[in-house]
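# Per-entry structural report
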Amino acid sequence: MLLSNSLAISHEIIKRVVKQGDTVVDATMGNGNDTLLLAGLVGEKGKVYSFDIQEAALKNTEKKLREAGVSGIVELICDGHQNIDNYVPNGIRAVMFNLGYLPKGDHSIATKACTTIEALKKSMELLMDGGDITIVIYYGGDSGFEEKESVLEYIKTIDCKKYSVLVCDFVNQINCPPIAVCIEKIRK
Ligand SMILES: C[S@@+](CC[C@H](N)C(=O)[O-])C[C@H]1O[C@@H](n2cnc3c(N)ncnc32)[C@H](O)[C@@H]1O
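## Quick notes on the overall build of the protein chain
Summing up its helical and strand segments, the protein chain has five helices and seven strands in all. The helix and strand sequence of the protein chain, counted from the amino end, reads α-β-α-β-α-β-β-α-β-α-β-β. Taken over C-alpha atoms, the radius of gyration comes to 15 Å for the protein chain, in line with the 16 Å a tight globule of 188 residues would show. Considered along the principal axes of its C-alpha atoms, the protein chain spans approximately 45 × 40 × 35 Å. Counting the 188 residues in the protein chain, one finds 40% classified as buried. Relative to all contacts within the protein chain whose residues are 6 or more apart in sequence, the contacts with residues 24 or more apart total 73%.

Structure follows, in structure tokens:
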């Protein structure tokens, strides 16, 4: 089902866009589910850069990738995604952001509006023409409201001559359903 949830929408976009041999980024590694998806899509000739600020995320993801036999495709980076330009070359096909905190982890260690927006700006520069950024915005309970507002405000200001921005919001659902966003760099 395409419209089951925002995560599924982001995965559908990524599966459509990412090809074997591509260079891509998981900006919020967490437990490595998106990193594993990306590694499968780019294959042995491709490269995935995956960021998180928590050692626990790197440990969980390293194990997941080893079990799947795809560790060689992925570079795990223990640093904030706002420093993406220190690690990642120009011309990447896609960047995935899955905002919020590590599932079953400390809710206070979560993505924050200012660093998320800094990372988005740098990611847009690094994207190849036609490349895409997906963002799943989680909010509700004890966190995420300020980041959600700031990101949704920021993306409205992106130059429409250079990028297309799509927001998918499940407007008839209850309990703060996650929002999916896609930013695509327009081909010149
Ligand atoms: C919702 S989780 C990501 C889930 C992940 N995509 C998965 O498949 O399991 C968000 C992650 O972002 C991480 N994070 C928070 N601030 C960050 C930053 N500035 N740079 C990179 N990662 C960050 C958190 O540590 C957390 O693991």
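The discussion continues.
## Quick word on the environment of Ala119
Among the structural elements, Ala119 can be located in helix 4 (residues 113-126). As a C-alpha pair, Ala119 and Ala27 span 92 residues in sequence and 8.3 Å in three-dimensional space. Among residues more than four places away in sequence, those in contact with Ala119 are Ala27, His81, Gln82 and Ile84.

## Here's the deal with the packing of helix 2 (residues 33-42) against helix 3 (residues 55-68)
At a minimum axis separation of 9 Å, helix 2 and helix 3 run at an interaxial angle of 35°. Of the two elements, helix 2 crosses helix 3, and the hand of that crossing is right-handed. For the pair helix 2 and helix 3, contact is made by Thr35, Leu36 and Ala39 and by Thr61, Lys64, Leu65 and Ala68, respectively. Residues of the contact of helix 2 with helix 3, tallied by class, amount to four nonpolar, two polar and one charged.

## A word on helix 1 (residues 6-17)
Along its twelve residues, helix 1 runs 17 Å from first to last C-alpha, staying within 8% of the 16 Å computed at 1.5 Å per residue. Residues Ser6, Ile9, Ser10, Ile13 and Ile14 constitute the buried set of helix 1. For helix 1, the angular spread of the buried residues around the axis is 135°, confining them to a single face. The exposed set on the far side of helix 1, more than 90 degrees from its buried face, consists of Lys15 and Arg16. Buried-residue contacts for helix 1 involve helix 2, strand 4 (92-98), strand 5 (127-137), strand 6 (163-168) and strand 7 (179-185).

## Describing the site of the ligand
Close to the ligand lie 22 residues, the nearest being Thr28, Gly30, Asn33, Gly80 and Asn98. If you list the elements that add at least two residues to the shell around the ligand, you get helix 2 and strand 2 (47-52). A breakdown of the residues in the shell around the ligand according to their chemical character gives seven nonpolar, 13 polar and two charged.

## Description of the sheet that holds strand 6
If you walk across this open sheet you meet the seven strands as 3-2-1-4-5-7-6, and the pairing is mixed. Unpaired on one side and paired on the other, strand 3 (74-78) and strand 6 mark the two borders of the sheet. Averaged over all pairs of adjacent strands, the angle between their axes in this sheet comes to 15°, without regard to strand direction. Where strand 1 (residues 23-26) lies against strand 4, three bridges are found, and the strand directions are parallel. Note on strand 4: the bridge partner recorded for Val25 is Val95. Sheet strands in contact with helix 5 (residues 145-155) are strand 5, strand 6 and strand 7, and its direction is about 150° off that of strand 5.

## So, helix 5
Among the residues of helix 5, Glu147, Lys148 and Val151 are the ones counted as buried. Down the axis of helix 5, the smallest arc covering the buried residues is 100°, so these residues share one side. Of the exposed residues in helix 5, those oriented more than 90 degrees away from the buried face are Phe145, Glu146 and Glu153. In this structure, the buried residues of helix 5 make contact with helix 4 and strand 5.

## Points about the packing of helix 4 against helix 5
For the pair helix 4 and helix 5, interaxial distance at closest approach is 9 Å and the crossing angle is 30°. What the angle tells us is that helix 4 and helix 5 run roughly parallel. Here the hand of the crossing between helix 4 and helix 5 comes out right-handed. Between helix 4 and helix 5, the contacting residues are Ala113, Thr116 and Ile117 on the first element and Glu146, Glu147, Ser150, Val151 and Tyr154 on the second. Each residue belonging to the contact of helix 4 with helix 5 can be placed in one class, and the counts come to four nonpolar, two polar and two charged.

Rules and cut-offs
Residues numbered from 1 in each chain as written. Predicted model: local features only at pLDDT ≥ 70, side-chain atom pairs only at ≥ 80, totals over all residues. Helix = DSSP H or I, 4+ residues; strand = E, 2+ residues; numbered from the N terminus. Rg over C-alpha atoms; globule rule 2.2 N^0.38 Å. Buried ≥ 20, exposed ≤ 12 C-beta atoms within 10 Å, placed from the backbone. Contact = placed C-beta atoms within 7 Å. Axes fitted to C-alpha atoms, helices over the stretch in contact; angles between N-to-C directions. Left-handed = near helix turned anticlockwise from the far one by under 90°. Nonpolar A, V, L, I, M, F, W, Y, C, P; charged D, E, K, R; others polar. Expected span 1.5 Å × (residues − 1). Arc of directions from axis to C-beta. Near = placed C-beta within 6 Å. Pairing = 2+ DSSP bridges. Parallel < 35°, antiparallel > 145°, perpendicular 65-115°, else oblique.

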